[in-house]
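An overview of the molecular structure
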Amino acid sequence: MSGDAARRFPRSFDPSAHERELVAIVGEIARAPRIDAKRLDRALKRFPKDGRGLFSRSEIISGFRHFRARYWPDLDEPEFIGRLRLRPVRTRSGVTPVTVLTRPYPCPGRCVFCPNDVRMPKSYLADEPGAQRAEDNHFDPYLQTWNRLDAYRNIGHPVEKIELIILGGTWSFHPEPYQVWFVKRCFDALNDYGSGVDGRADAGRAPMGFHELLPILRGAPGSYNQRIRARRTEEFDADGLHESEHASWQGLREAQRRNETANCRNVGLVVETRPDHVSNAELHRIRRLGCTKVQIGLQSLSDEVLARNARGCDVAASRRALRMLRSAGFKIHAHWMPNLLGATAHSDAADFARLFDDPDFRPDELKLYPCSLIESAELMNYYESGDWKPYERDELVELLATCLERTPAYCRVTRVIRDFSSADIVAGNKVANLREVAEAALRARGASLREIRAREIRDSAFDVAALLAVTDRYVTSIGEEHFLQFATPDDRLVGFLRLSLPHGEAPLAELRGRALIREVHVYGDSLGLGRRREGKAQHRGLGRRLIERAARIASAAGFRRLAVISAVGTRAYYRDLGFADGELYQHLDLAD
Ligand code: SF4
């Protein structure tokens, strides 16, 4: 098997060759009243694999599935896997995220802080964990999705409800045929994996040729875009696409229809773009693709800072983009960068305050990316000339603590650093747990966090009867936003709904005159579709109750119809609640 093939099709593990050891290990795990890392380690060492190495968690699960009927017919699989899954963090927010990267492609931006790694889509480095997986899968959407689902399932994570996060450069700059093909292939992988089909042998046909060309590209003169364009061969068309990277809208619609009832359903789809690439046509296109959330780089709310960093778009473009995205119901996941060229810790604190004081912004989710210097970025020149330097550690921690403290209850701070390895960072933060450090600084001030991530119930048990219905209202550029919550008496967040009551004209005709549900989220472990588990938040009818509350509020505000920006895999759920399919959204008539 070649190196490439071995990466794409990892050698399969045969449990029957290790029956004695696996039966002993599984038996030990099943019998123990409680399993922790130490106890598991002891069992693994007592029954080594091939007399030497240790079995991996995925191999133990594979052994459990293989021998279950013979040895433990009454042992519940989710319960057994739950015992093994010592770090269930990734799926705690209720859905399992699958991140895939588009392939290297020119980007319209020239931002001075942005890395230029020609092996990767713009702004990513080959050392980042998600980027490595993408490269191993030749940036093929089917292989990335299928293999990620398989990896999740092998370590015991549920794969029934999937949020697809498509990252890389500027999504909207990719030619439409590539966008349609990329998303269709992700859906194909979800549909196939859920029905036990392995279509990997037919995937990954575009000849990326990165490894062969890398020495040439690295040494080649010119910008990232010039070098990526120079990589085209006669096998790519004028748009830089390979003949295999095309799909029809009809083909995508069929894959989406199949996904509505598939075993691995798409419950959210995210793309990332620039503010100046948001237009009516783009809103319509990404909605047709099934998109529900947009990651958007604001980076700064100062025109001066944006200009110094060669962002190529101004604050007015960010205002316009967020207004349009919100009017079309998309969840808004903003990126904001302190320590850019021309900023100070003082100006950054004021900039961040504008993010929530100004109704034109007020994002739903936020990534804080303190600027770090990467050797391939143009910022290197400013560093060498002394025009830019990273904030001192304490200065950065204090600034981030201030940002976290000022983040309101309706926003979720998803990250406070980029996933760059410290080896790639020439200058800037290298503290991996910067969030914890900033939160500790915040608590030392006697302040507390209101942002969503700090309040999520995660997998703690709670009493449904004691839940409180809480609503935060705030004004946005398009009208009034209601953030409906279910919270425990000690203020842990169990579920929430984002309801927009717009005042003006919606950019998409289908939404005119409608109130709009932009998000419904109920926390708890990501349970399988239709499964219930005692003490967990999902599948307790909390989503339905939130939607009923939203309908009452919209009706009282004079709206006759309520629309929802549903994901492909949640359409059936909304139909059950009385919503009817429109072209891009689903709609509910409200009683008088
Ligand atoms: S738009 Fe984004 S990806 Fe493109 S250069 Fe700027 S930061 Fe990098």
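Residues numbered from 1 in each chain as written. Predicted model: local features only at pLDDT ≥ 70, side-chain atom pairs only at ≥ 80, totals over all residues. Heavy atoms only, no water.

A word on the overall build of the protein. Scanning the protein for helices and strands turns up 21 helices and 16 strands. Relative to its 592 residues, the protein shows a buried fraction of 58%. The long-range share in the protein, meaning contacts at least 24 apart out of those at least 6 apart in sequence, stands at 74%. On the protein, roughly 24800 Å² of surface is accessible, and the fraction owed to carbon and sulfur atoms is 47%. (Helix = DSSP H or I, 4+ residues; strand = E, 2+ residues; numbered from the N terminus. Buried < 20%, exposed > 50% of the residue type's maximum accessible area, 1.4 Å probe, protein only. Contact = heavy atoms within 4.5 Å. Areas by Shrake-Rupley, 256 points an atom, 1.4 Å probe, with all protein chains shown as cover.)

All right, on to the sheet that holds strand E3 (residues 265-273) then. Judged by pairing direction, the sheet is parallel, and its seven strands sit side by side in the order E1-E2-E3-E4-E5-E6-E8 without closing on themselves. In this open sheet, the two edge strands, each paired with only one partner strand, are strand E1 (96-101) and strand E8 (412-415). Ignoring strand direction, the axes of neighbouring strands in this sheet form an average angle of 25 degrees. Inspection of the sheet shows strand E4 (residues 293-299) paired to strand E5 (residues 331-336) by six bridges, in the parallel sense. If you follow Ile 296 over to E5, its bridge partner there is Ala 334. (Pairing = 2+ DSSP bridges. Axes fitted to C-alpha atoms, helices over the stretch in contact; angles between N-to-C directions.)

Before going further, it helps to spend a moment on the packing of aromatic side chains. What characterises a pair of aromatic rings is the spacing of the ring centres plus the angle enclosed by the ring planes. Under the criterion given, the structure shown has 18 aromatic pairs. Relative to Tyr 71, the ring of Phe 67 lies with its centre 6.1 Å away and its plane at 75 degrees, an arrangement referred to as edge-to-face. Separated by four residues within a single helix, Phe 67 and Tyr 71 lie in helix H4 (residues 57-71), roughly one turn from each other. Taking the relative accessible area as the measure of exposure, Phe 67 reaches 1% and is therefore buried. Assessed through its relative accessible area of 35%, Tyr 71 is described here as partly exposed. Here the aromatic residues Trp 336, Phe 352, Phe 356, Tyr 410 and Tyr 474 are joined through ring pairs into a cluster of three or more. Taking NZ or CZ as reference, Lys 122 lies 5.5 Å from the ring centre of Tyr 224, over its face. (Phe/Tyr/Trp six-rings, centres within 6.5 Å; stacked < 30°, edge-to-face > 60°. Lys NZ or Arg CZ within 6 Å of the ring centre and 35° of its normal.)

In this section: the environment of Thr 96. Residue position: Thr 96 is located in strand E1. Between the alpha carbons of Thr 96 and Lys 161 there is a distance of 6.2 Å; along the sequence they are 65 residues apart.

Let us look at the site of the ligand. In the region of the ligand, the neighbouring residues are Cys 107, Gly 109, Cys 111, Phe 113, Cys 114, Lys 122, Ser 123, Arg 274 and Arg 311. Looking at side-chain class alone, the shell around the ligand contains four nonpolar, two polar and three charged residues. (Near = heavy atom within 4 Å. Nonpolar A, V, L, I, M, F, W, Y, C, P; charged D, E, K, R; others polar.)

What follows deals with the confidence of the model for the protein. Residue-level pLDDT values for the protein average 88, and 90% of them are 70 or greater. Per-residue pLDDT stays below 50 along residues 1-11; that stretch engages in 15 contacts with residues further than four places along the chain or on separate chains. The low-confidence segment residues 88-92, where pLDDT is below 50, has 17 contacts with residues more than four positions distant or belonging to other chains. (pLDDT = per-residue confidence, 0-100.)

What follows concerns the environment of Leu 269. The residue Leu 269 is located in strand E3 in this model. By relative accessible area, Leu 269 is classed as buried at 0%. For the pair Leu 269 and Ile 165, spaced 104 residues apart in the sequence, the C-alpha separation amounts to 5.9 Å. Look past the residues within four positions of Leu 269 in its chain and what remains in contact with it is Leu 164, Ile 166, Val 183, Phe 187, Leu 289, Gly 290, Cys 291, Thr 292 and Lys 293.

Looking now at the pattern of salt bridges. Applying the stated criterion to the full structure yields 37 salt bridges. For the salt bridge of Glu 59 with Lys 49, the shortest nitrogen-to-oxygen distance reads 2.7 Å. Here the residue Glu 59 occupies a position in helix H4, and Lys 49 occupies one in the loop between helix H3 (37-46) and H4, the gap between them amounting to ten residues. What makes Glu 59 buried here is its relative accessible area of 12%. Between Lys 293 and Glu 163 there is a salt bridge whose closest N-O contact spans 3.2 Å. Here Lys 293, found in strand E4, pairs with Glu 163, found in strand E2 (residues 161-167); they are 130 residues apart in sequence, far enough to count as distant. By the burial criterion, Lys 293 is buried, and Glu 163 matches it. Connected via shared salt-bridge partners are Arg 326, Asp 364, Glu 481, Arg 498, Arg 518 and Glu 519. (Salt bridge = Lys/Arg side-chain N within 4 Å of Asp/Glu carboxyl O.)

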